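# Notes for the structure review
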Amino acid sequence: MANPRERQVGYHCNPTISNGKLNTSIATLTALDFLGFGLPPDAPSFGRLLSDAKANLHAPWIGVFAFTTLAIMLILLIFVGEAVRDALDPRRSFSSRE
């Protein structure tokens, strides 16, 4: 049985940790795909798109759009995770928000 203090820390930190794990896993998968160690070659991914952009330096819009899309997706996942955490946090009520 878990210690009450460990359970309390896990309860309050879990939404933040899970949001960070999702962003980290997406960034790690992108980096591995860019290096060629990720998904199979026929699977579409951001890393493969960035690798193709590096191979085609005469078409810089491929890399710009791939990087911009990846950055926007990770930022939006952070915002969604924070909104879900704020909505499901029982310690904060709507009247106590500043």
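Worth saying up front: this structure is predicted, and the values here are computed from it rather than measured. (Residues numbered from 1 in each chain as written. Predicted model: local features only at pLDDT ≥ 70, side-chain atom pairs only at ≥ 80, totals over all residues. Heavy atoms only, no water.)

## Re the overall build of the protein chain
What the protein chain contains, in helices and strands, is 3 helices and 0 strands. Surface accessibility of the protein chain: about 7,600 Å² in total, with carbon and sulfur atoms responsible for 68%. (Helix = DSSP H or I, 4+ residues; strand = E, 2+ residues; numbered from the N terminus. Areas by Shrake-Rupley, 256 points an atom, 1.4 Å probe, with all protein chains shown as cover.)

## With respect to a nonpolar patch on the surface
Residues Ile-72, Ile-75, Leu-76, Ile-78 and Phe-79 make up a contiguous nonpolar surface patch of roughly 480 Å² in combined accessible area. Position of Ile-78 relative to the elements: it lies in helix α3 (residues 60-88). A residue is classified by how much of its surface remains accessible, and Ile-78, at 38% relative accessible area, is partly exposed. (Patch = residues over 30% accessible without salt bridge, like charges linked within 9 Å, V, L, I, M, F, W, Y side chains within 5 Å. Salt bridge = Lys/Arg side-chain N within 4 Å of Asp/Glu carboxyl O. Buried < 20%, exposed > 50% of the residue type's maximum accessible area, 1.4 Å probe, protein only.)

## Some words on the environment of Ser-51
Looking at where Ser-51 falls in the secondary structure, it is placed in helix α2 (residues 46-55). A relative accessible area of 25% means that Ser-51 is categorised as partly exposed. Taking C-alpha positions, Ser-51 is 8.0 Å from Asp-33, a pair spaced 18 residues apart along the chain.

Any functional reading would require information that these geometric values do not contain.
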